[in-house]
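Below are the chains, spelled out letter by letter.
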Amino acid sequence: MKCKLCGKERPLRQSHIIPEFAFSPLYDEKHRFNEISLDVKRRNRFKQKGVRERLLCGQCEQFFSKYEQYASTVISRYRKSLEFRQVGDLFHLKGFDYNKLKIFALSILWRASVTKLEFFAEINLEHHESIIHQMLLTESPGDESDYPLMLFPMYHHGKIQEDLITTPYVSEIEGHKVYCFLFLGLTWAFIVSNKEKSNRLIECSLSRTGEIIMLPRALEHSPRIVDMAKDMARSGKL
Ligand SMILES: [Zn+2]
């Protein structure tokens, strides 16, 4: 089978879409995790190895894994300091490598669009899929205004909610399409649009200078997540 990234005929690995380290806060002592699905007809299931599909060859898995390792270090470094900030403050994340973190994030967005897994059904990048594919192959993350990435620390009762992964969904900011993923206690919001972005949007996005200003949000004030929780409660998933 052809690898989705390099296009070569090679044995394919069971690839993660959202990287495995993001699932670690969700694993119970038996090393299973609870997949939360928006589809009320499907019961939640315990899975052993995250959400995976045969997508990439071993070499391309390795290629992405170096970015995942970097992101994992950055996130864990900031995790503790985030916990102690006041809700309502803006968070300032500084000192990261823009190229590495942006490529990591774009690789998740792209994988979510390429996969056939039902969990990522809402993510369809259309013609942006091949553009991002090229950016990944050439390790060129572009500028702040190319697929800007905003991060929102997600709080519930004053604590960052790391043990929650929900189905990615499509939203809108200032008339731009936004693809949102929730994992590692953050909403990762990608602006996918050809239209000019406002300065305000760019100022709140991952910056080439290696910093980002993040606006914390309470889970209960995120309509989409509240709806998900209500649906799940109705169908007996919670
Ligand atoms: Zn490959």
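Look a little higher up for the structure.
What this report covers is the structure whose coordinates are included nearby. Since this is a predicted model, take the numbers as computed values, not measurements.

Scoring rules and cut-offs
- Residues numbered from 1 in each chain as written.
- Predicted model: local features only at pLDDT ≥ 70, side-chain atom pairs only at ≥ 80, totals over all residues.
- Heavy atoms only, no water.
- Core = buried A, V, L, I, M, F, W, Y, C linked by side-chain atoms within 4.5 Å.
- Buried < 20%, exposed > 50% of the residue type's maximum accessible area, 1.4 Å probe, protein only.
- Helix = DSSP H or I, 4+ residues; strand = E, 2+ residues; numbered from the N terminus.
- Contact = heavy atoms within 4.5 Å.
- Patch = residues over 30% accessible without salt bridge, like charges linked within 9 Å, V, L, I, M, F, W, Y side chains within 5 Å.
- Areas by Shrake-Rupley, 256 points an atom, 1.4 Å probe, with all protein chains shown as cover.
- Salt bridge = Lys/Arg side-chain N within 4 Å of Asp/Glu carboxyl O.
- Donors = N, O, S within 2.8 Å, 3.2 Å for Na, K, Ca; no water.
- Tetrahedral: all angles 85-135°; square planar, octahedral: opposite > 155°, others 65-115°.
- Expected span 1.5 Å × (residues − 1).
- Polar contact = N/O pair within 3.5 Å; in protein donor to acceptor, adjacent residues only side chain to side chain.
- Axes fitted to C-alpha atoms, helices over the stretch in contact; angles between N-to-C directions.
- Parallel < 35°, antiparallel > 145°, perpendicular 65-115°, else oblique.
- Left-handed = near helix turned anticlockwise from the far one by under 90°.
- Nonpolar A, V, L, I, M, F, W, Y, C, P; charged D, E, K, R; others polar.
- Phe/Tyr/Trp six-rings, centres within 6.5 Å; stacked < 30°, edge-to-face > 60°.
- Lys NZ or Arg CZ within 6 Å of the ring centre and 35° of its normal.

### Some thoughts on the nonpolar core
So, point 1. Core analysis: the biggest nonpolar cluster contains 60 residues, and Leu-109, Phe-181 and Trp-188 have the highest contact counts within it.
So, point 2. The biggest single contributor to this core is helix H2 (residues 98–114), with 11 residues.
So, point 3. Residues within four places of Leu-109 in sequence aside, it is in contact with Ile-123, Leu-125, Ile-132, Tyr-179, Phe-181, Phe-190 and Val-192.
So, point 4. In terms of nonpolar packing, the next biggest core, distinct from the first, is built from 12 residues, Tyr-169, Ala-189, Ile-191 and Leu-219 among them.

### Section: a nonpolar patch on the surface
So, point 1. A grouping of Leu-90, Ile-213 and Leu-215 is seen on the molecular surface, where their side chains present a nonpolar patch of about 250 Å² in accessible area.
So, point 2. Tracing the sequence through the fold places Ile-213 in strand S11 (residues 211–214).

### Considerations on the coordination of the zinc ion
So, point 1. For the zinc ion, every protein donor is listed as Cys-3 (SG), Cys-6 (SG), Cys-57 (SG) and Cys-60 (SG), and the spread of their distances is 2.3 Å.
So, point 2. Relative to the metal, the 4 donor atoms surrounding the zinc ion lie at angles of 104 to 117 degrees, and the coordination shape comes out tetrahedral.
So, point 3. In primary sequence terms, the donor set of the zinc ion follows C-x2-C-x50-C-x2-C.

### Some remarks on the pattern of salt bridges
So, point 1. Summed over the entire model, instances satisfying the criterion amount to 4 salt bridges.
So, point 2. Notably, a salt bridge pairs Arg-208 with Asp-143, separated by 3.0 Å at the nearest N-O pair. A residue pair is termed long-range when its members are at least 10 positions apart, and Arg-208 in the loop between helix H4 (199–203) and S11 and Asp-143 in the loop between helix H3 (128–137) and strand S6 (149–156) qualify at 65 residues.
So, point 3. For Arg-208, a relative accessible area of 41% corresponds to the partly exposed category.
So, point 4. The class of Asp-143 is partly exposed, set by a relative accessible area of 37%.
So, point 5. The salt bridge involving Glu-174 is made with Arg-200; its shortest N-O contact spans 2.4 Å. Within this pair, whereas Glu-174 is found in the loop between strand S8 (166–173) and strand S9 (176–183), its partner Arg-200 is found in helix H4, the two being separated by 26 residues in sequence.
So, point 6. Note on Arg-200: relative accessible area 56%, which makes it exposed.

### Some remarks on H2
So, point 1. Here H2 is 17 residues long and its end C-alpha atoms lie 24 Å apart, about the 24 Å a rise of 1.5 Å per residue gives.
So, point 2. Within H2, 15 of the 17 residues are buried, which leaves it mostly tucked inside the rest of the structure.

### A short note on the side chain of His-176
So, point 1. For His-176, the position within the fold is in strand S9.
So, point 2. A polar contact is formed between the side chain of His-176 and the backbone oxygen of Glu-196, at a distance of 3.5 Å.

### Things to note about unusual backbone geometry
So, point 1. The phi dihedral of Glu-126 falls on the positive side, at around 55 degrees, and the residue is not glycine.
So, point 2. One can find Glu-126 in the loop between H2 and H3.
So, point 3. Given a relative accessible area of 51%, Glu-126 falls into the exposed group.
So, point 4. Phi is positive for Glu-174, close to 45 degrees, though the residue is something other than glycine.
So, point 5. Looking at Glu-174, the relative accessible area reads 40%, which means it is partly exposed.

### Section: the packing of H2 against H3
Helix packing geometry: the angle between the two helix axes and the distance between the axes.
So, point 1. Direction vectors running N to C along H2 and H3 enclose 140 degrees, while the axes themselves pass 10 Å from each other. When the axis of H2 is compared with that of H3, the two are oblique. The handedness of the crossing between H2 and H3 is left-handed. Residues Ile-103, Leu-106, Ser-107, Leu-109, Trp-110, Ser-113 and Val-114 of H2 lie in contact with H3, whose contacting residues are Glu-129, Ile-132, His-133, Met-135 and Leu-136.
So, point 2. Grouping the constituent residues of the contact of H2 with H3 by class yields 8 nonpolar, 3 polar and 1 charged.

### Side note on the packing of aromatic side chains
So, point 1. Inspection of every chain in the model, using the stated rule, returns 9 aromatic pairs.
So, point 2. Between the aromatic rings of Phe-64 and Trp-110, the centroid separation amounts to 6.3 Å while the plane-to-plane angle is 65 degrees, which identifies the pairing as edge-to-face. Placement of Phe-64 in helix H1 (residues 58–83) and of Trp-110 in helix H2 is noted, with a sequence separation of 46 residues between them.
So, point 3. For Phe-64, a relative accessible area of 2% gives the class buried.
So, point 4. For Trp-110, a relative accessible area of 1% gives the class buried.
So, point 5. On the numbers, 4.9 Å between centres and 10 degrees between planes, the contact of Phe-183 with Trp-188 is stacked.
So, point 6. Here Phe-183 falls in the buried class, since its relative accessible area comes to 1%.
So, point 7. Note on Trp-188: relative accessible area 1%, which makes it buried.
So, point 8. Among the aromatic side chains, those forming a connected cluster through ring pairs are Phe-21, Phe-104, Phe-183 and Trp-188.
So, point 9. The cationic tip of Lys-100 hangs over the ring face of Tyr-70; the distance from NZ or CZ to the ring centre is 5.0 Å.
So, point 10. Over the aromatic face of Phe-152 sits the side chain of Arg-217, whose NZ or CZ is 5.5 Å from the ring centroid.

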